[in-house]
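Chain by chain, the residues:
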Amino acid sequence: IDDTAEQEALAIKPRRRIDVAAEYAKTQNQRQGLNLVVVGHVDAGKSTLMGHLLYALGQVSERTVKKFEREAEKIGKGSFAYAWVLDETDEERARGVTMDVATSTFETAHRQFTLLDAPGHRDFVPNMISGASRADVAMLVVDASTGEFESGFDGDGQTREHTQLVRALGVRQVVVAVNKLDTVGWSEDRYAEIVSRLQGFMQACGFSNNDVRFVPVSGLDGVNLVRRVGSEVPELAAWYRDGSATRPCLVELLDTFALPERTIKSPFRLAATDVFRGGSAGSAGSVSISGRIAQGTVQLGESVVVVPGGVSGIVRAIDVNFEPRDWAVAGDEAIVQVQGLDPLQVPTGAVLCAPEQPITAVTRFETQIAVFEPKVPITNGFPVLVHIQSISVPGTVQRIIETFDPRTGESKRKRPRHIRRGATARVEIVTESKLCLELFKDAKELGRIMLRRGGETIAAGIVTALHG
Ligand code: GDP
């Protein structure tokens, strides 16, 4: 047979179904990606520590650090050089505060981290939330110096608040960097005291002790970050050991984070962040939809449906990290080209789904929220912007059901008139247009929302009931 006949035969032959779960399992020994959020009280040393870590891992050139050092010396803040690796704007430099969520990546032996750096200043909690809502795992940085751990942990400090929020947003695994231990002569007693206080608290927040690891470090001097401590710091090397071997450094602990469960058995969902006509497999009668696959798998030749709207088409091409693929799975940033759709049928915020189990699009749902620092208390009828993934729609807090204790889940007050800063509450939300949502218990990524108003994030929440 000639070439054209063969091609026609191939085109009509039903494509052999790929066992995506099996194919995916074969790739499991490759380096796997995790989103890391860094939290902790202002001045705990988060920026310095991460800046030093990125530098030691070769992510930042010597030249950049030298340049920052010179600039820092000029204004008499020499030790800020490493923090500046992460702090971008001049305004932040002048104030010495990390304001926005800066992102960066680094690799350890088995993991590739996307760093969602978070600020510690009280005004900037909303930014921390947007980082935390995308996090798989967290690093909590605490300042071990005399009196400073206490001021971050007791009363008004952010150590507790951040830890609770991170847990409320679904993060289970945490590495706690007990930082600035150089300021207390690498005291083992001080380290043990901090570990014991935090362990109790974190357990009460709902963390399991096995998922929380502690490590003594100095972000400023770069001790125990990427290399195990040796004779250069004898005070620490003397006790941070098991028998003859010193214990793991920070990067080793990061490297042992378990991979978040990629929910490949769940029905396919891809939340559209971008939609364009045509694609890598030609343009006739097709659209390409890009976004992160929230759950499930997709393969060439499969049929998929768009929610809201309900139109469906056939998958013509799949690209992951700009390379063509036969299949893709949860966690992949993908571009899926679908035959038989028009771009107008796929609004941003739409979700591409498995046709047999599409996502629900609702305008009324219940959510458990952690409230941050709204300028005015949240009341019934409070207008908000509801954010999920990269989209937002206007809505209102229709009904405050109750406030509750986040640690025990016990109700504190039924139908309160308003919700105050820092409280946790169950509320019902009504939106002006349809939102594609899942219950958080079934699907984390599509079950986490944020509420914003007047340019500030006022609360983060998880979806607990869908009302149509
Ligand atoms: P952030 O607000 O948590 O990002 O804290 P920064 O990284 O800006 O650090 C706050 C201050 O603590 C700066 O003056 C740092 O130089 C200092 N610092 C950070 N890490 C250490 C450390 O390991 N040892 C000591 N002695 N000082 C540190």
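Residues numbered from 1 in each chain as written. Predicted model: local features only at pLDDT ≥ 70, side-chain atom pairs only at ≥ 80, totals over all residues. Heavy atoms only, no water.

Trainee: Help me understand the overall build of the protein chain, please; the structure alone is not making it clear to me.
Mentor: Scanning the protein chain from N- to C-terminus turns up 12 helices and 27 strands. The buried share of the protein chain, reckoned over its 468 residues, is 50%. A fraction of 72% describes how many contacts in the protein chain between residues 6 or more apart in sequence connect residues 24 or more apart. (Helix = DSSP H or I, 4+ residues; strand = E, 2+ residues; numbered from the N terminus. Buried < 20%, exposed > 50% of the residue type's maximum accessible area, 1.4 Å probe, protein only. Contact = heavy atoms within 4.5 Å.)

Trainee: Help me understand the site of the ligand, please; the structure alone is not making it clear to me.
Mentor: Near the ligand there are 17 residues, and of these D43, K46, S47, T48 and K180 occur at the shortest range. For the ligand, an oxygen atom lies 2.8 Å from a polar atom in the backbone of D43. Taken by itself the ligand offers 580 Å² of open surface, and the protein chains cover 87% of this. Tallying contributions element by element places helix α3 (residues 46–56) first for the shell around the ligand, with three residues. Looking at the shell around the ligand residue by residue, the class counts come to four nonpolar, nine polar and four charged. (Near = heavy atom within 4 Å. Polar contact = N/O pair within 3.5 Å; in protein donor to acceptor, adjacent residues only side chain to side chain. Areas by Shrake-Rupley, 256 points an atom, 1.4 Å probe, with all protein chains shown as cover. Nonpolar A, V, L, I, M, F, W, Y, C, P; charged D, E, K, R; others polar.)

Trainee: Before we go on, may I ask you to explain the packing of aromatic side chains in this structure?
Mentor: Within a pair of aromatic rings, the relevant descriptors are the distance that separates the centres and the angle that separates the planes. Summed over all chains, the structure comprises six aromatic pairs. When the ring of F106 is compared with that of F113, the centres are 5.0 Å apart and the planes differ by 20°; the resulting orientation is stacked. Accessibility assignment for this pair places F106 and F113 in one class, buried. Site record: aromatic cluster; members linked through ring pairs are F106, F113 and F257. Here the guanidinium or amino end of R325 rests over the ring plane of W327, the centre of that ring lying 6.0 Å away. If you follow R426 out to its NZ or CZ, it ends over the ring of F404, 4.1 Å from the centre. (Phe/Tyr/Trp six-rings, centres within 6.5 Å; stacked < 30°, edge-to-face > 60°. Lys NZ or Arg CZ within 6 Å of the ring centre and 35° of its normal.)

Trainee: For this particular structure, what's the right way to read the pairing of strand β1 (residues 32–39)?
Mentor: For a regular strand, side chains alternate in direction, first toward one face of the sheet and then toward the other. Extensive coverage of β1 is indicated by the burial of seven of its eight residues. As defined by bridge partners, β1 adjoins strand β4 (residues 137–143) across four bridges and the pair is classed as parallel. Paired with V39 across the two strands is L140, which belongs to β4. (Pairing = 2+ DSSP bridges.)

Trainee: Explain α3 to me, please; I cannot follow it from the model alone.
Mentor: Owing to its 3.6 residues per turn, the α-helix aligns residues three or four sequence positions apart on the same side. Counting buried positions along α3 gives nine out of 11 residues, so the element sits mostly inside the fold. Listed as buried for α3 are K46, S47, T48, L49, M50, G51, H52, L53 and L54.

Trainee: Help me out: how do you make sense of empty space enclosed by the protein in this one?
Mentor: A water-sized probe, rolled over the atoms, reveals where empty space remains. All chains considered together, the criterion is met by three cavities of 30 Å³ or more. For the largest cavity, the calculated volume is near 100 Å³. Lining of the largest cavity is provided by 12 residues; of these, A271, G349, I388, Q389 and I391 occupy positions nearest its centre. Within the lining of the largest cavity, the residues separate by chemical class into eight nonpolar, four polar and no charged. Lining the second largest cavity are H41, V42, D43, A44, V141, V142, D143, E148, F149, G152, F153 and T159. Contributing elements (two or more residues each) for the lining of the second largest cavity: β4 and α8 (148–153). If one sorts the elements of the lining of the second largest cavity by residue count, α8 sits on top with four residues. For the lining of the second largest cavity, a count of residues per class yields six nonpolar, three polar and three charged. (1 Å grid on protein atoms, 1.4 Å probe; cavity = no way out; pocket = protein on both sides within 12 Å on 5 of 7 lines; lining within 4 Å. Points joined across faces, edges and corners; volume = space filled by probe spheres on them.)

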